[in-house]
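Structural overview
Here is how the chains run, residue by residue.
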Amino acid sequence: MKITFSDRKELPVEGCLVAAIAKDGKLPEELREMDEKGGGQISRAMKAASFDGAKGSVVDIPAPHGLELDRLLLVGAGDVDDLDAWGIECLGGRIAGTLMDRKVTEVSILAMPPEGLEMPATEWAMRITSGMALRNYVFDRYKSDKKGEENGESGKKKKEKKKKLSAVTVLVEEPQSAEKAWQERAGLVAAVHMARDLVNEPGNVLYPAEFARRVKELENLGLEVEVLDEKKLETLGFGALLAVGQGSANAPRVAVMKWNGGKEGKAPVAFVGKGVTFDSGGISIKPSQGMEDMKGDMAGAAAVTGVMRALAARKAKVNAVGIIGLVENMPDGRAQRPGDVVKSLSGQTIAVLNTDAEGRLVLADCLTYARDTFKPALMIDLATLTGAILVALGKEYAGLFSNDDDLSEALRKAGENTGEKVWRLPLGKAYDKLIDHEVADMKNIGGRNAGSITAAQFLKRFVEDTPWAHIDVAGTAMAAEKSDINTSWGPGWGVRLLDAFVRDREEG
Ligand code: BES
Ligand code: MN
Ligand code: ZN
């Protein structure tokens, strides 16, 4: 999508013009002038449609009287009080959605904060643009349909591909400073789109080596990327991670991304991601119903990749490492068996009682590697770890587990500010006991109860006293419900959360 910023004074324009109007808000000056010029048609249309700027309301005025415009669209912005940074991005998303529903691809948008909202016009424009760009995403690379082509004998037309916005002109007071603010933001949007692509890709396309290849490409943006292949992982002793991958024809990888934008020698922030490119469950195989969704079991790794990309794109003043464990969990003659005992990179042994509790095996070694290699100031892992987190929190909040109250609070706040919300659940000795094992140091499943917590307790055994947070994103990072800023299966969840966390707590 081509985005240009122009002076508001350049109104009126041709083509399609869109503006957001707050609940019970006045028309901006420019539109009032247009209305007069057209003999009051705009205000009559608003009245006839009972448009009062409420959230979700729209007036669509084709060929407005006395103007060059093809179309004027007014979109309800809702209550001014709801328009915080995140609320404005949602509004931008709804504006883009309204346009896409109507197959509008080129548009000018009058972007200024509504009366009664204390906010620089530049920030308003940046947030609106960001929301529009986030929404302007369709994963259609496997659709071969040509536009409106006749469908053979039936004579029916094939459904057209969903259209994206191709050109947006943002009309603002100070186009140059708005443009600059947007330039600093654009990398984050691209990173979210990349994370969505990774999550949406099917398992046959995105296997560990292919995921690693796409990560390697990020060197173009200034990230340092190292890919550890199976041989290297064997030498290093990634016994738990390798056990998960041993039944797959697609060999595992671990990708390590580094961004050094902070003070030299300052301990980095480490992000660790579960990257199971397909989770069949292994020998403890999953039911076939819904198994196709397990292509998304790498959403934690996608978020980590996304945030590293975003940090590099905006040259964040922070030292950060991203470590993702990429494996495919398959049943096979060489696959691990329930009851196998494996030795993790930390030296601790694990009885694998259920091969479908594989994510924690992958993360255990990645956390150990992060801790030993980089001595990070803190570690945050993201993983589609347990179905139980969906039972507890649904799709509204991700589960947060942590050994550090400050870290938890910072993540909670970042969640509220970005709409990627996290809710903390407890850890404790009584839960930890549930994963003790007779023969090995631990087993990879607890009992029937508290499934998300016992999974987190398992991870905790590999972090020791490093400040750490685990975010269980099984409910939020795949199979997403449609939202203002996303309508695709993979929402790219976590990229904006972690970016905000770094911006607010680790930089400056
Ligand atoms: N990848 C799944 C968890 C999952 C479930 C993610 C639903 C997204 C949606 C994970 O590897 C898994 O299979 N967990 C098991 C753990 C159990 C065997 C202890 C689960 O949740 O059932
Ligand atoms: Mn599993
Ligand atoms: Zn899994």
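Residues numbered from 1 in each chain as written. Chains lettered and ligands numbered in written order. Predicted model: local features only at pLDDT ≥ 70, side-chain atom pairs only at ≥ 80, totals over all residues. Heavy atoms only, no water.

1. A closer look at the overall build of the protein
Applied cut-off: Starting at the N terminus, helices and strands are each numbered in turn, a helix being any DSSP run of H or I of at least four residues and a strand any DSSP run of E of at least two. We compute the radius of gyration over the C-alpha atoms and compare it with the globule rule, which gives 2.2 Å times the number of residues raised to the power 0.38. Each residue is placed in one exposure class: buried if its accessible area under a 1.4 Å probe, protein chains only, is under 20% of its type's maximum, exposed if it is over 50%, and partly exposed if it falls in between. Note on contacts: a residue pair is in contact if any heavy atoms of the two residues lie within 4.5 Å. Only the protein chains shown count as covering a residue, and every accessible area follows the Shrake-Rupley method with a 1.4 Å probe.
Scanning the protein for helices and strands turns up 15 helices and 17 strands. By the compact-globule yardstick of 23 Å for 508 residues, the protein fits well, its C-alpha radius of gyration being 25 Å. With the principal axes as the frame, the protein shows a C-alpha extent of 85 × 65 × 40 Å. Of all 508 residues assigned to the protein, the portion counted as buried reaches 55%. Of the contacts formed within the protein by residues at least 6 apart in sequence, a portion of 77% connects residues at least 24 apart. When the accessible surface of the protein is split by element, carbon and sulfur atoms take 47% of a total near 22,000 Å².

2. As for the site of ligand 1
Cut-off, in case you're wondering: The criterion for a residue being near a molecule or strand is simple. One of its heavy atoms has to lie within 4 Å of it. For the purposes of these results, a polar contact is taken to be a pair of N or O atoms within 3.5 Å, where, inside protein, one atom must be able to donate a hydrogen and its partner to accept one; residues adjacent in sequence count only when each atom of the pair is a side-chain atom. Throughout this entry, Asp, Glu, Lys and Arg are counted as charged residues, while Ala, Val, Leu, Ile, Met, Phe, Trp, Tyr, Cys and Pro are counted as nonpolar. The remaining residues, Gly among them, count as polar.
What surrounds ligand 1 is a group of 16 residues, the closest being Lys-286, Asp-297, Asp-356, Glu-358 and Gly-387. One of the backbone N or O atoms of Gly-387 is found 2.7 Å from an oxygen atom in ligand 1. When ligand 1 is considered free in solution it has 520 Å² of accessible area, and contact with the protein chains removes 77% of it. Broken down by class, the residue content of the shell around ligand 1 amounts to five nonpolar, four polar and seven charged.

3. Brief notes about the coordination of the manganese ion (ligand 2)
The following threshold applies: Counted as donors are N, O and S atoms no farther than 2.8 Å from the metal, or 3.2 Å for Na, K and Ca; water is not among the atoms, and sites may therefore look incomplete. Metal sites are grouped by the angles between bound donors: all angles between 85 and 135 degrees with four donors is tetrahedral, opposite donors over 155 degrees apart with the others between 65 and 115 is square planar for four donors and octahedral for six, and any other pattern is irregular.
Distances from the manganese ion (ligand 2) to its protein donors, Asp-279 (OD), Asp-356 (O), Asp-356 (OD) and Glu-358 (OE), fall at 2.1 to 2.2 Å. Metal-centred angles of 73 to 170 degrees between the six donor atoms at the manganese ion (ligand 2) mark the site as irregular. Each donor residue of the manganese ion (ligand 2) belongs to the same chain, and together they define the spacing D-x76-D-x1-E. Metal-to-metal, the separation of the manganese ion (ligand 2) and the zinc ion (ligand 3) is 3.1 Å; Asp-279 coordinates the two. With Asp-279 in strand β9 (residues 269-279) and Glu-358 in the loop between β12 (349-352) and α10 (359-374), the pair connects residues that are 79 residues apart, well separated along the chain. On the basis of relative accessible area, Glu-358 is assigned to the buried category, the value being 1%.

4. With respect to the sheet that holds strand β2 (residues 15-22)
For the record, the criterion: A pair of strands counts as paired when DSSP detects no fewer than two bridges linking them. Here, axes are lines fitted to C-alpha atoms. For helices the fit covers the stretch in contact, and angles between N-to-C directions go from 0 to 180 degrees.
Taken in spatial order, the six strands line up as β1-β6-β5-β2-β4-β3 in an open sheet, and their pairing is mixed. Both edges of this open sheet fall to β1 (2-7) and β3 (58-62), since each of them pairs with a single strand only. Across the sheet, the mean angle separating the axes of adjacent strands is 20 degrees when strand polarity is ignored. Two strands pair when backbone bridges link them, and strand β5 (residues 106-110) and strand β6 (residues 167-172) are joined in this way by five bridges, in the parallel orientation. Residue pairing across strands places Glu-106 opposite Ala-167, the latter belonging to β6. Lying over the sheet, helix α3 (residues 85-101) contacts β2, β3, β4 (69-78) and β5, oriented at roughly 145 degrees with respect to β4. Those strands touched by helix α5 (residues 175-200) are β1 and β6, and its axis lies near 155 degrees from that of β1.

5. A look at the packing of α5 against helix α15 (residues 495-506)
Where α5 meets α15, the closest approach of the two axes is 9 Å, and the angle between their N-to-C directions is 145 degrees. Listed contacts from α15 to Arg-185, Leu-188, Ala-191, Val-192 and Ala-195 of α5 are Val-495, Arg-496, Asp-499 and Arg-503. Considered class by class, the residues forming the contact of α5 with α15 number five nonpolar, no polar and four charged.

6. Quick look at the coordination of the zinc ion (ligand 3)
Lys-274 (NZ), Asp-279 (OD), Asp-297 (OD) and Glu-358 (OE) make up the full set of protein donors to the zinc ion (ligand 3), lying at 2.0 to 2.4 Å. Taken together, the six donor atoms coordinating the zinc ion (ligand 3) span angles of 79 to 176 degrees at the metal, a pattern that classifies the geometry as octahedral. Between the donor residues of the zinc ion (ligand 3), the gaps in sequence give the motif K-x4-D-x17-D-x60-E. A relative accessible area of 3% places Asp-279 in the buried class.

7. Section: the domain arrangement of the protein
In plain terms, the rule: As annotated, the domain borders come from an automatic or database domain assignment. When two parts are put together, the accessible area they lose, computed with a 1.4 Å probe and summed over both, is reported as buried area. Only one rule defines a salt bridge in this text: a Lys or Arg side-chain nitrogen within 4 Å of an Asp or Glu carboxyl oxygen.
Domain parsing of the protein yields domain 1 (2-143 + 162-174) and domain 2 (188-506). A C-alpha centroid distance of 39 Å is found between domain 1 and domain 2. The junction of domain 1 with domain 2 conceals about 1,600 Å² of combined surface from both sides, 56% of it contributed by carbon and sulfur atoms. Among the residues of domain 1 in contact with domain 2, Trp-86, Leu-134 and Tyr-137 are the three that bury the most area, contributing 45% of the side total. Where domain 1 packs against domain 2, one counts three salt bridges. Here Asp-484 and Arg-94 are joined by a salt bridge, their closest N and O atoms 3.1 Å apart. Where domain 1 touches domain 2, the interface holds twelve residue pairs in polar contact (both at pLDDT 80 or more). Secondary structure elements with two or more residues in the side of domain 1 that touches domain 2: α3 and α4 (121-135).

8. A short note on the sheet that holds strand β16 (residues 442-443)
Within a sheet, neighbouring strands are paired by backbone hydrogen bonds and run either parallel or antiparallel to one another. Here three strands make up an open sheet; going across it, the order is β11-β12-β16 and the pairing mixed. In this open sheet, the two edge strands, each paired with only one partner strand, are β11 (340-343) and β16. The sheet contact formed by β12 and β16 spans two bridges and is parallel. Along β16, the bridge assignment pairs Ile-350 with Met-442.

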